[in-house]
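# Structure at a glance
Take a look at the letters that make up each chain.
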Amino acid sequence: ASKWDIREKVWEHLEASGLAEFPRPVHGRIPNFKGSLQACCSLRELDVFSRAREVKVDPDKPLEGARLAALQARKTLLVPTPRLRTGLFNRIVPPPGATKEVLRKCATSQGVKEYSVPVGLDGKAQVDLVVVGSVAVSEKGWRIGKGEGYADMEYAMMVSMGAVQEDTPVVTIVHDCQVLDIAEELLDDHDLTVDYILTPTRTIQTNCKRPKPQGIMWHKANTILHDSEMLGKIPILKTLRSREKQAGKDVTLRDEHGALANTDRAALPNQKVMAANTQPRAAPVGQPHVESDPVNPRLEEGSDTITTVYVGNLPASLRVSELKSALRELRVIPVRLSWQGAQHRAFLEYRGKETAGRAVSSLQGLSLGGNALRAELAKSQRNKG
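Definitions and limits used
Residues numbered from 1 in each chain as written. Predicted model: local features only at pLDDT ≥ 70, side-chain atom pairs only at ≥ 80, totals over all residues. Heavy atoms only, no water. Buried < 20%, exposed > 50% of the residue type's maximum accessible area, 1.4 Å probe, protein only. Helix = DSSP H or I, 4+ residues; strand = E, 2+ residues; numbered from the N terminus. Pairing = 2+ DSSP bridges. Core = buried A, V, L, I, M, F, W, Y, C linked by side-chain atoms within 4.5 Å. Contact = heavy atoms within 4.5 Å.

## A few points about the pairing of strand 11 (residues 306–312)
Burial runs high along strand 11: seven of the seven residues are buried. Residues I306, T308, Y310 and G312 of strand 11 are buried on one face, and the alternating residues T307, V309 and V311, pointing to the opposite face, are buried as well. Sheet analysis places strand 11 next to strand 16 (residues 374–377), joined by four bridges and oriented antiparallel. Paired with V309 across the bridge in strand 16 is L377.

## Brief notes about helix 10 (residues 320–329)
Burial analysis of helix 10 places nine of its ten residues in the buried class, which makes it a mostly covered element. V320, S321, E322, L323, K324, S325, A326, L327 and R328 are the residues of helix 10 that are buried. Where helix 10 terminates, the next one or two residues include R331, which has phi positive at roughly 60°.

## Examining the nonpolar core
Core analysis: the biggest nonpolar cluster contains 70 residues, and L43, L129, V131, V171 and I173 have the highest contact counts within it. Those residues in contact with L129, other than ones at most four positions away along the chain, are L43, V48, F49, A52, E54, V55, K56, T168, P169 and V171. Membership of the second largest hydrophobic core comes to 37 residues, among which are L121, A125, I216 and L253.

Here you go:
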């Protein structure tokens, strides 16, 4: 099973079993679940929590109880800014003499906005405990997030700025049904592992020996680093990359060698494209196939002929980042992706028919957001054949 198979299994089970809680549907999210507050309360019983002075907790809804526990214990609470758009952390600062009700509000997403001050790369944070959300986790400590890579990136950034150490414990809070067997070969070097798992009924110490990320692996296939649109919206990541480059660290992105997007470009407006401002000509809405762009059959001098793959039946709720994550996990990364979400389709360009054929085989019938995808060579490619 791929990571996406596991995510789909968990999301579908939570919805079908009545365990899913607001916000719904839980597909595409770190899912909230019945019993999340009970699971979060177990955090107070951990020695690593008792000893911690500064705690970082993700902003996901099922972790609201963990944020409240940190505030009630008078610990410094850091919450990552959503999608890292305006910085790295917010430090939650309750008003003097805050009542229990005010603290509860501070732990909510609205409270994070109202009672916080930003903490940047020079904020001198010293995090003693990290609490992250998960879609699935194994008793060995292998973790699967929702596929966008933010928890992994936030931890790597904390390493780079010296905010966490090798022995800083990581806790995740999930429903019992989210604790599954996960094959270790699904993990990449940039994936964050966990030391403790809290569920409504159990506290699991994983004793995980797999090393956690030792900083940002700029050359690795991380969703954020290899999406020019997303990287362009995270100025703090660009700042950190510039600092590490000045310090002599190799910050070359894999994409700078010709695969996927050039992350130094600004995000392209009004369209979601991986590598260049080129889109297939769109057919009328409802037509099952569209022509790929015949004007530019070669992406660059010396490359193989570009072959376009049509992907249809995309669910309306699917985000382009989710499709890109699936492509990376399946190892069928295109040189260009043209997204037409309103028409429930996308077009992927590959160098060579063999690579495109592997993509079709991998994507055909893949379930994303509850829909089985339709994948085939684009109409113009089939005509050539």
